[in-house]
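Structural description and commentary
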Amino acid sequence: MATSKEMTAGPALPLIFNFTLPLLFGNLLQQTYSLVDAAIVGKFLGINALASVGASTSVVFLILGFCNGCCGGFGIPVAQKFGARDYSTMRSYVSVSLQLAVVMSVVIAILTSIYCADILKMMRTPENIFEGAYAYLLVTFIGIPCTFFYNLLSSIIRALGDSKTPFYFLVLATILNIILDLFCILVLDWGVMGAAIATVFSQGVSALLCYIYMYRKFDILRGTPKERKYQSKLAKTLLSIGVPMGLQFSITAIGSIMLQSANNALGTACVAAFTSAMRIKMFFLCPLESLGMAMATFSGQNYGAGKPERIWSGIKASTLMMVVYTAVTFLILMVGAKSFALIFVDPSEVEILEKTELFLHISVSFFPMLGLLCILRYTIQGVGYTNLAMFSGVSEMIARILVSICAVPAFGFIAVCFGDPMAWVAADLFLIPAFIYVYRRLKRQVLTSAVS
């Protein structure tokens, strides 16, 4: 039988570190999906095809970010009830979240598929890559239920303190994705659409395996028929936490879409450079995202257990790990950025290689800002203050829009390179005082409970 794990006692640093590792490997594998897609497309189908995949990156982040944010939010009440050892309510939350996922994922998939072409036109996608971008984006939208359910089930399992199980299934799915990528593109000659099909199918396999394993192996999730019924009160709680988290990602993505739209207008070379640089950047950001996800579970469980002081210990431990990682990553990317870019394009594409290197050098210099953002945002979300986290997304959006409207037309691609770093700084300026406010409220709540 699989076992859940409480993180409400013991030293914070080893607990968070051990919980983060499987999350990290899982996130790296998910980014491998993107790297494999882009590498195979760029090498075998050419620069225009690579640009087709990259032209819709921000739109994918907008829609899938909302779905993934909702899934992460649905896991927070599960973690809180698990920390409080209220297992009956916890099981009811799990059942209701799955019911909500069915409706939400299908509706989102239908709506986005219908408006797929309009979205790409609004983003000023170049005509020579429009057809490929549309095929890639449409398949991705149709496969939203697969992505939604994998992320939801993974979030629930992590809420129980098990970050290893989703990783194991993701390993299998990644291998399957690579095989299908090569088969669909090289054998079936499906082009960029084949890359999207391979990714969606692989995520669907991961979701199915997670579901089967979760209910067969976790005794703590086996409930009564009453616990499996739909409960509107619990649904309201889940939506009140999940939707703001989803909107936070979507609001952030609106700024990214504006930035990418401005970059699209600079030409195919800039789109290709942006695509390859983003794939590399997202790969190196995985540890920061994983650390944040670990803090969401850690803070959620300790909030449920009424131990806010452990949340502060977790902040200090995770910040220390973040600083060490960003220092190492700075050295790696400052030296090897152009070598990583060669994964996607041939050495003859000098302009694309130089722009990719410039983008990565600027981004990695601001990684500590993003690391702090991930730690604070996920911690605030873990204790249920998802509306505050959403407002940090508004800060990011405003910063990216200002760069897109004011800086990119004047300074070109170098301004695009500063879009994300400026957004991270803006979010931190909001999140630092927001965390102080939340932490003080949690301490007062514990004192009030102790007195009463």
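Residues numbered from 1 in each chain as written. Predicted model: local features only at pLDDT ≥ 70, side-chain atom pairs only at ≥ 80, totals over all residues. Heavy atoms only, no water.

Side-chain pairs of opposite charge can arise whenever the charged atoms involved come near each other. Tallied over the full model, the rule gives seven salt bridges. In this structure, the salt-bridge partner of Arg-400 is Asp-420, at a minimum N-O distance of 2.7 Å. Here the residue Arg-400 occupies a position in helix 15 (residues 386-411), and Asp-420 occupies one in helix 17 (residues 419-451), the gap between them amounting to 20 residues. For the residue pair Arg-400 and Asp-420, the accessibility class agrees, reading buried in each case. A single network of salt bridges, built from pairs that share partners, joins Lys-281, Arg-377, Glu-396, Arg-400 and Asp-420. (Salt bridge = Lys/Arg side-chain N within 4 Å of Asp/Glu carboxyl O. Helix = DSSP H or I, 4+ residues; strand = E, 2+ residues; numbered from the N terminus. Buried < 20%, exposed > 50% of the residue type's maximum accessible area, 1.4 Å probe, protein only.)

Counting 68 residues, the largest nonpolar core has Ile-16, Phe-359 and Ile-380 as its most contacted members. The dominant element in this core, judged by the number of residues it contributes, is helix 11 (residues 268-304), at 16 residues. Within the second largest apolar cluster, 53 residues are counted, among which are Cys-70, Ala-79, Met-104 and Ala-173. (Core = buried A, V, L, I, M, F, W, Y, C linked by side-chain atoms within 4.5 Å.)

Our focus in this paragraph is the packing of aromatic side chains. This structure, assessed with the given rule, holds 10 aromatic pairs. Measuring from ring centre to ring centre gives 5.3 Å for Phe-284 and Phe-340, while their planes differ by 80°; the resulting arrangement is edge-to-face. Here the residue Phe-284 occupies a position in helix 11, and Phe-340 occupies one in helix 12 (residues 308-341), the gap between them amounting to 56 residues. Since its relative accessible area comes to 11%, Phe-284 is described here as buried. The class for Phe-340 is partly exposed, based on a relative accessible area of 28%. A centroid spacing of 6.1 Å and a plane angle of 40° characterise the contact between Trp-312 and Tyr-439, whose relative ring orientation is tilted. Taken together, the residues span a long stretch of sequence, with Trp-312 in helix 12 and Tyr-439 in helix 17 at a distance of 127 residues. For Tyr-439, a relative accessible area of 14% corresponds to the buried category. Put simply, the rings of Phe-274, Phe-359 and Phe-413 touch in pairs and so form one group of aromatic residues. (Phe/Tyr/Trp six-rings, centres within 6.5 Å; stacked < 30°, edge-to-face > 60°.)

This brings us to the packing of helix 4 (residues 87-114) against helix 10 (residues 232-264). It is at 9 Å that the axes of helix 4 and helix 10 come closest, and there the two elements cross at 70°. As judged from the angle between their axes, helix 4 and helix 10 are roughly perpendicular. Considering the relative orientation of helix 4 and helix 10, their crossing is right-handed. Between helix 4 and helix 10, the residues in contact are Ser-92, Tyr-93, Val-96, Ser-97, Leu-100 and Met-104 and Leu-234, Ala-235, Thr-237, Leu-238 and Leu-239, respectively. (Axes fitted to C-alpha atoms, helices over the stretch in contact; angles between N-to-C directions. Parallel < 35°, antiparallel > 145°, perpendicular 65-115°, else oblique. Left-handed = near helix turned anticlockwise from the far one by under 90°. Contact = heavy atoms within 4.5 Å.)

With that settled, consider unusual backbone geometry. We note that Asp-189 has phi near 60°; this positive angle belongs to a residue other than glycine. Note on placement: Asp-189 falls in the loop between helix 8 (165-187) and helix 9 (191-217).

What follows is about a nonpolar patch on the surface. A grouping of Phe-44, Leu-45, Ile-178, Leu-182, Phe-183, Leu-186, Val-187, Leu-188, Trp-190 and Met-193 is seen on the molecular surface, where their side chains present a nonpolar patch of about 840 Å² in accessible area. Among the secondary structure elements, those contributing two or more residues to the nonpolar patch are helix 1 (12-45) and helix 8. Along the chain, Phe-44 falls in helix 1. (Patch = residues over 30% accessible without salt bridge, like charges linked within 9 Å, V, L, I, M, F, W, Y side chains within 5 Å. Areas by Shrake-Rupley, 256 points an atom, 1.4 Å probe, with all protein chains shown as cover.)

The geometry of helix 10 relative to helix 15 is characterised by a closest axis approach of 8 Å and an angle of 5° between their N-to-C directions. Compared by their axis directions, helix 10 and helix 15 come out roughly parallel. Of the residues contributing to the contact of helix 10 with helix 15, the split by class is 17 nonpolar, nine polar and two charged. (Nonpolar A, V, L, I, M, F, W, Y, C, P; charged D, E, K, R; others polar.)

Topologically, Arg-377 is positioned in helix 14 (residues 367-382). The buried category is assigned to Arg-377, whose relative accessible area is 7%. Filtering out sequence-adjacent residues up to four positions away, Arg-377 remains in contact with Gln-248, Ala-389, Ser-392, Gly-393, Glu-396, Ala-427 and Leu-431.

Moving on to the environment of Val-192. Within the secondary structure, Val-192 is located in helix 9. Along the primary structure Val-192 and Ala-133 are separated by 59 residues, whereas in three dimensions their C-alpha atoms are 7.9 Å apart.

Now for the domain arrangement of the protein chain. Per the domain assignment, the segments making up the protein chain are domain 1 (22-229) and domain 2 (247-446). Taken over C-alpha atoms, the centre of domain 1 sits 20 Å from the centre of domain 2. Between domain 1 and domain 2, the residue contacts involve 46 residues of the former and 45 residues of the latter. Approximately 3700 Å² of surface area, both sides summed, lies buried where domain 1 meets domain 2, with 67% of it carried by carbon and sulfur atoms. Counting every contact that joins domain 1 to domain 2 gives zero salt bridges. Broken down by element, the side of domain 1 that touches domain 2 gets its largest block of residues, 13 residues, from helix 3 (residues 57-83). Grouping the amino acids of the side of domain 1 that touches domain 2 by side-chain chemistry returns 26 nonpolar, 17 polar and three charged. (Domains from an automatic or database assignment. Buried area = accessible area lost by both parts, 1.4 Å probe.)

To continue, consider helix 13 (residues 350-365). For helix 13, spanning 16 residues, the distance from its first C-alpha to its last is 23 Å, which sits close to the expected 22 Å at 1.5 Å a residue. All buried positions along helix 13 are accounted for by Ile-352, Leu-353, Lys-355, Thr-356, Phe-359, Leu-360, His-361, Ile-362, Ser-363 and Val-364. (Expected span 1.5 Å × (residues − 1).)

This part is about the state of the cysteines. The full count for this structure, using the stated rule, is zero disulfides. Cys-67 provides the cysteine sulfur closest to Cys-71, a residue in no disulfide bond, and the two sulfurs are 6.8 Å apart. Using a relative accessible area of 0% as the deciding quantity, one classes Cys-71 as buried. Unpaired in this structure, Cys-406 has its nearest cysteine sulfur neighbour in Cys-417, at a distance of 17 Å. (Disulfide = S-S within 2.5 Å.)

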